[in-house]
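This is what each chain is made of:
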Amino acid sequence: MEKTVNVWLFGKKYAVPESLTIMKAMEYAGYRLVRGCGCRNGFCGACACFYRIAGKQELKTCLACQTQVEEGMFVATLPFFPLVKQVYDIEKIKPTQQIMMQLYPEIYACIGCNACTKSCTQGLNVMQYIAYAQRGEYEKCAEESFDCVMCGACSSRCPAGISHPQVALLARRLTGKYLTPESEHLLRRVKEVEEGKFDDAIEALKEKSLDELKKLYNERVIEK
C-alpha cells in the first residue's frame, strides 16, 4: 500500500496517497470536478487554490493540478474571482499611458505590498509588471506577464483591488497590435491560406488515420 497523508478538502479530512496532486486527491476522495478544473496541465488557471499546512501560519496559493499533497494540508479552492474586465475596442484605443489610466485607474493605488507577486501560481513578478503598466511601458509589461494563466490568485490578495491579469492582457494586446513589428513571412502565409493554396493538403490530412497523423507529426522537419 502506498503511504498516505491526511489532507482537509472542503472542510473534511481524507487520507490520500502522498503521490497525488491536489486535484487528483479530490477525485480520489470522491469529488466529481465540474468547476475549477480545465486543462489539468497548468495552462488554463482554472484550478487556483489556497492552502495552509497545519501548525504553520503562511497562506499559500497554487494550481491544484500541479501541486502535490502534503501532510496536514488544508485546501480551499478559488473557482471564481470577480476581476474588473473593461470593455474596449482594440482597433480604437492606442498604446498611450492615458489608456491605462482610463480603463484600469486602480493600478495607481498600488501600495507596493508585493502580495500579488507572492501569491502568483506561476512565480511571476506581478508587482513589477504592474509598475511597467503604470508607466505605459507595455512591451515590458507584456514580456513580464507572458506566462500569466489568468487564475486570479494575485488579485484575490490585493488590498488595492487591482485586476492584474486583465491589466496584463491589455498590455499584451496593445503590444501585439501596435508595438511589435509586422512579420512579413507570416502575412504572406496568411494570404496563401486565404487564397486556398493549402486546401488540397488539408483535405489529404483529414483522410489520414490517427496513427498516420502521429507519424507525420513526430517525423516532421523542425526548423532550428
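The following refers to the structure shown. (Residues numbered from 1 in each chain as written. Predicted model: local features only at pLDDT ≥ 70, side-chain atom pairs only at ≥ 80, totals over all residues. Heavy atoms only, no water.)

1. Observations concerning the packing of aromatic side chains
Part 1: Using the criterion set out here, one finds three aromatic pairs in the structure.
Part 2: Between W8 and F74, the aromatic rings sit 4.3 Å apart at their centres with planes inclined by 10°, giving stacked as the arrangement. Taken as a pair, W8 in strand β1 (residues 4–9) and F74 in strand β5 (residues 73–77) lie far apart in primary sequence, 66 residues in all.
Part 3: You can call W8 partly exposed: its relative accessible area is 23%.
Part 4: Taking the centre distance of 5.9 Å and the plane angle of 80° together, the rings of Y14 and Y31 count as edge-to-face. Here Y14, found in strand β2 (residues 12–17), pairs with Y31, found in the loop between α1 (22–28) and β3 (48–53); they are 17 residues apart in sequence, far enough to count as distant.
Part 5: Judged by relative accessible area, Y14 falls into the buried class, the value being 19%.
Part 6: Here Y31 falls in the partly exposed class, since its relative accessible area comes to 26%.
Part 7: Note that R220 overlies the ring of Y217, its terminal NZ or CZ placed 3.9 Å from the centroid. (Phe/Tyr/Trp six-rings, centres within 6.5 Å; stacked < 30°, edge-to-face > 60°. Helix = DSSP H or I, 4+ residues; strand = E, 2+ residues; numbered from the N terminus. Buried < 20%, exposed > 50% of the residue type's maximum accessible area, 1.4 Å probe, protein only. Lys NZ or Arg CZ within 6 Å of the ring centre and 35° of its normal.)

2. Quick word on the pattern of salt bridges
When the charged atoms of two side chains lie near each other, side chains of opposite charge can form a pair.
Part 1: Tallied over the entire structure, the rule returns eight salt bridges.
Part 2: The residue E137 makes a salt bridge to R135 at a minimum N-O spacing of 2.7 Å.
Part 3: Here R135 falls in the partly exposed class, since its relative accessible area comes to 45%.
Part 4: In this structure, the salt-bridge partner of K206 is E203, at a minimum N-O distance of 3.3 Å. Separated by three residues within a single helix, K206 and E203 lie in helix α9 (residues 199–206), roughly one turn from each other.
Part 5: What you see here is one network of salt bridges that share partners, running through R135, E137 and K140. (Salt bridge = Lys/Arg side-chain N within 4 Å of Asp/Glu carboxyl O.)

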